[in-house]
Amino acid sequence: MFYTVKYGDTLPKIAEQFYGQPSMWRLIYEANPDIIFITPGITLYIPLPESINEKEVEKNQNLYKPTEK
């Protein structure tokens, strides 16, 4: 899953949104080794457990799935 960073986001805030716990921010950090600073507009890869329901993920308007080629 991919997430586009918006103004005011931090890794702990994003982790809380996806995992329910801000302390899990390292999962996002480690999944994006080429990104040093997060700024609005940057796309982050969010590793999600397979158990997350697609309907819950689709509720977030700031998410998108890359188009397949």
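S.K.: Explain the overall build of the chain to me, please; I cannot follow it from the model alone.
M.R.: Looking only at helices and strands, the chain has 3 helices and 3 strands in total. Along the chain, from the amino end to the carboxyl end, the secondary structure elements read β-α-α-β-α-β. Within the chain, buried positions represent 25% of all 69 residues. By sequence separation, contacts in the chain at least 24 residues apart represent 60% of the contacts at least 6 residues apart.

S.K.: Would you take a moment to explain the environment of proline 49 for this structure?
M.R.: Relative to the assigned elements, proline 49 resides in the loop between β2 (43-45) and α3 (54-58). The spacing of proline 49 and tyrosine 19 is 30 residues in sequence and 9.1 Å in space, taken between C-alpha atoms.

S.K.: Before we go on, may I ask you to explain the environment of tyrosine 3 in this structure?
M.R.: With respect to the element layout, tyrosine 3 can be found in strand β1 (residues 2-4). For the pair tyrosine 3 and isoleucine 46, spaced 43 residues apart in sequence, the C-alpha to C-alpha distance is 6.8 Å. At 2.7 Å, the side chain of tyrosine 3 and the side chain of aspartate 9 are in polar contact.

S.K.: Help me out: how do you make sense of the packing of aromatic side chains in this one?
M.R.: To describe a pair of aromatic rings, you give the distance between the ring centres and the angle between the ring planes. Counted by the stated rule, this structure contains 3 aromatic pairs. Here tyrosine 3 and phenylalanine 18 contribute two aromatic rings whose centre-to-centre distance is 5.6 Å and whose plane-to-plane angle is 85°, an arrangement assigned as edge-to-face. With tyrosine 3 in strand β1 and phenylalanine 18 in helix α1 (residues 11-19), this residue pair connects regions lying 15 residues apart in the sequence. A relative accessible area of 0% means that tyrosine 3 is categorised as buried. Relative accessible area serves as the criterion here: at 12%, phenylalanine 18 is assigned to the buried category. Here the aromatic rings of tryptophan 25 and tyrosine 29 are separated by 5.9 Å at their centres, their planes lie at 70°, and the arrangement is edge-to-face. Of the two residues, tryptophan 25 and tyrosine 29 are both situated in helix α2 (residues 25-31); the distance of 4 residues between them amounts to about one turn of the helix.

Conventions and cut-offs
- Residues numbered from 1 in each chain as written.
- Predicted model: local features only at pLDDT ≥ 70, side-chain atom pairs only at ≥ 80, totals over all residues.
- Heavy atoms only, no water.
- Helix = DSSP H or I, 4+ residues; strand = E, 2+ residues; numbered from the N terminus.
- Buried < 20%, exposed > 50% of the residue type's maximum accessible area, 1.4 Å probe, protein only.
- Contact = heavy atoms within 4.5 Å.
- Polar contact = N/O pair within 3.5 Å; in protein donor to acceptor, adjacent residues only side chain to side chain.
- Phe/Tyr/Trp six-rings, centres within 6.5 Å; stacked < 30°, edge-to-face > 60°.

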